[in-house]
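What follows is each chain in one-letter form.
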Amino acid sequence: MRHLECFVAVAEESHFGRAATRLGMAQPPLSQRIQRLERELGVRLFERTSRQVTITEAGRLLLAEARELLARSESFLATARRVRDGETGLLRAALPPDLSGETVAALLADFGRRHDGLELELHELPTAQQLARLAAHELDVGVVHHPCDVSGLELGPVLRRELGVLLPRSAGAAGFDAVPLVALAGHDLILFPRAAAPALYDDLLTTCARGGFTPAAVRHGQGASFVRGLVLSTGAVALCPRDTLPPPPEGGEPDVVWRPLTGGAPALRHSAAWSRGRGDAAVHAFAEAATHALRTTAGATPDVPTRPLHLRPASEWWL
């Protein structure tokens, strides 16, 4: 496998020196490994000159399979580590608090079909706590909010859930079919506590400010009933996806309404995440089940970000 790592590194860098630096080894042993691999395979992988290294046609044909074998080896090693650490048959996973019951149920049912018999230890954790546990290897896989610090992580597909506004039925903006952010001026805003996902919190406030809504105050709440109570008692508004709406009171008209937002509306962006090199078959099955559940029950759509997933130096909201 080390020979294949060397082959892929040289193919991607087109330079023995850069490939050696990437692999943390000297250049002569790298050249010797490539030569041994060529002898074992019976094909020439690279054309070498004093100035450049060019992959051959045979090398191009083998490169995709080499990458696939390396990916399989990483999964194999991750499983071996789980056996070594006494974690066989147990997957430690986490979901954020804002997922609906329908999404959680769909995820668990799908995962159960993919890995029947595997014990799942599921936690409800905000992004910040998931990242800390992933870094400490106390969690195998989670579903995190972006933006966040993704260094050292591998990610599943990034999905987007559009946010709307939850507001009292008596509010003026409740009469709109779709609400521009600027129409929320004068209302307090209810958000999750900042410590749960600091970068996302700042990002949402920045998006609101760009749209003309700077809340008079920010109140904190997460549970659907608690947020509904704050909306009713304080006249504040909350940002939430349609799939997490609180249930209406029995036998009566809803006292709060949800409306989509217009004009650069904010959104939640999720993906499954796990520590680099520690993703085995169970981790990938959970990531696929989470992606499928978000798309089918929460209306999440693939996100093509207009900016990178990494954190900005500071949020504009706080400048």
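These numbers were taken from a predicted model, which means no experiment stands behind them. (Residues numbered from 1 in each chain as written. Predicted model: local features only at pLDDT ≥ 70, side-chain atom pairs only at ≥ 80, totals over all residues. Heavy atoms only, no water.)

**Notes on the sheet that holds strand S11 (residues 218-220)**
Each strand in a sheet pairs with another by means of backbone hydrogen bonds, the pair being arranged parallel or else antiparallel. With respect to topology, 6 strands assemble into an open sheet ordered S9-S13-S8-S12-S10-S11, the strand pairing being mixed. Strand pairing shows two members of the sheet lacking a second neighbour, strand S9 (179-180) and S11, which therefore form its edges. Relative to strand S12 (residues 237-240), strand S10 (residues 189-191) is paired through 2 bridges, and the arrangement is parallel. Of the residues in S12, the one forming a bridge with Ile190 is Ala238. Lying over the sheet, helix H8 (residues 224-234) contacts strand S8 (164-168), S10, S11, S12 and strand S13 (256-262), oriented at roughly 50° with respect to S8. (Pairing = 2+ DSSP bridges. Helix = DSSP H or I, 4+ residues; strand = E, 2+ residues; numbered from the N terminus. Contact = heavy atoms within 4.5 Å. Axes fitted to C-alpha atoms, helices over the stretch in contact; angles between N-to-C directions.)

**What about the packing of aromatic side chains?**
Inspection of the entire model under this criterion finds 4 aromatic pairs. Ring geometry for Phe16 and Phe46: centres 6.4 Å apart, planes at 70°, overall edge-to-face. Taken together, the residues Phe16 in helix H2 (residues 16-23) and Phe46 in strand S1 (residues 46-48) connect sequence positions 30 residues apart. Within the aromatic cluster, the residues linked to one another by ring pairs are Phe7, Phe16 and Phe46. (Phe/Tyr/Trp six-rings, centres within 6.5 Å; stacked < 30°, edge-to-face > 60°.)

**Brief notes about unusual backbone geometry**
In this model, His146 is joined to Pro147 through a cis peptide bond whose omega is 5°. Counting through the fold element by element, Pro147 comes out in the loop between strand S5 (141-146) and strand S6 (153-155). The phi angle at Ser14 is positive, at roughly 55°, despite the residue not being glycine. Inspection of the secondary structure assignment puts Ser14 in the loop between helix H1 (2-13) and H2. Classification of Ser14 by relative accessible area gives partly exposed; the value is 38%. Of note, the phi angle at His137 is positive, near 60°, even though the residue is not glycine. Within the secondary structure layout, His137 lies in the loop between helix H6 (127-135) and S5. (Buried < 20%, exposed > 50% of the residue type's maximum accessible area, 1.4 Å probe, protein only.)

**Regarding the pairing of strand S3 (residues 90-95)**
Of all 6 residues in S3, 6 are buried; the element is thus mostly enclosed. In this structure, S3 lies alongside strand S4 (residues 119-124), joined through 6 bridges in parallel fashion. Paired with Leu90 across the strands is Glu119, a residue of S4. Pairing analysis gives 2 bridges linking S3 to S5, with the strands arranged parallel. Paired with Ala93 across the two strands is Val141, which belongs to S5.

**Regarding the packing of helix H5 (residues 101-114) against helix H9 (residues 281-297)**
Orientation of H5 relative to H9, taken along the N-to-C sense of each, is 140°, at an axis distance of 8 Å. Judged on the interaxial angle alone, H9 and H5 are oblique. Once H5 is placed against H9, the crossing between them reads as right-handed. Only Ala282, Ala285, Phe286, Glu288, Ala289, Ala290, His292, Ala293, Leu294 and Thr297 of H9 make contact with H5, whose side of the interface consists of Glu102, Thr103, Ala106, Leu107, Asp110, Phe111 and Arg114. (Parallel < 35°, antiparallel > 145°, perpendicular 65-115°, else oblique. Left-handed = near helix turned anticlockwise from the far one by under 90°.)

**Considering the side chain of Arg269**
Locating Arg269 in the fold gives a position in strand S14 (residues 267-275). Within the structure, the side chain of Arg269 is placed 2.8 Å from the side chain of Asp303, a separation counted as a polar contact. (Polar contact = N/O pair within 3.5 Å; in protein donor to acceptor, adjacent residues only side chain to side chain.)

**Thoughts on helix H7 (residues 198-210)**
The terminal C-alpha atoms of H7, which comprises 13 residues, lie 18 Å apart, in line with the 18 Å expected from a rise of 1.5 Å per residue. Looking at H7, one finds that the buried residues are Leu200, Tyr201, Asp202, Asp203, Leu204, Leu205, Thr206, Thr207 and Cys208. In this structure, the buried residues of H7 make contact with S5, S10, S11, S12 and S14. In the segment just after H7, Gly212 is the residue with positive phi, at about 95°. (Expected span 1.5 Å × (residues − 1).)

**Topic: the confidence of the model for the protein chain**
Of the residues in the protein chain, 90% have a pLDDT of 70 or more, and the chain-wide mean is 86. No element of the protein chain has a lower mean pLDDT than helix H4 (residues 57-84), which averages 82, and none a higher one than S5, which averages 95. (pLDDT = per-residue confidence, 0-100.)

**Let's talk about the environment of Pro126**
Structurally, the position occupied by Pro126 is in the loop between S4 and H6. Along the backbone, Pro126 and Phe192 are 66 residues apart, and their C-alpha atoms lie at a distance of 9.6 Å. Among all residues touching Pro126, those that are not within four sequence positions of it are Pro97 and Ala196.

**Focus: H5**
Residues spaced three or four apart along an α-helix face the same direction, because each turn holds 3.6 residues. The terminal C-alpha atoms of H5 lie 20 Å apart, and with 14 residues this matches the ideal 20 Å at 1.5 Å per residue to within 8%. Of all the positions in H5, only Thr103, Leu107, Asp110 and Phe111 are classed as buried. Down the axis of H5, the buried side of the element spans an arc of 100°, and every buried residue falls inside it. Pointing more than 90 degrees away from the buried face of H5 are the exposed residues Gly101, Glu102 and Arg113. Next to the buried residues of H5 lie S3, S4 and H9. (Arc of directions from axis to C-beta.)

**What to know about the nonpolar core**
In this structure, Leu167, Leu184, Leu189 and Leu261 are the most contacted members of the largest nonpolar core, which totals 26 residues. Secondary structure elements with two or more residues in this core: S8, S10, H7, S12 and S13. In terms of residue count, the dominant contributor to this core is H7 (5 residues). Setting aside residues up to four positions removed in sequence, Leu184 forms contacts with Val165, Val179, Phe213, Val237 and Leu261. (Core = buried A, V, L, I, M, F, W, Y, C linked by side-chain atoms within 4.5 Å.)

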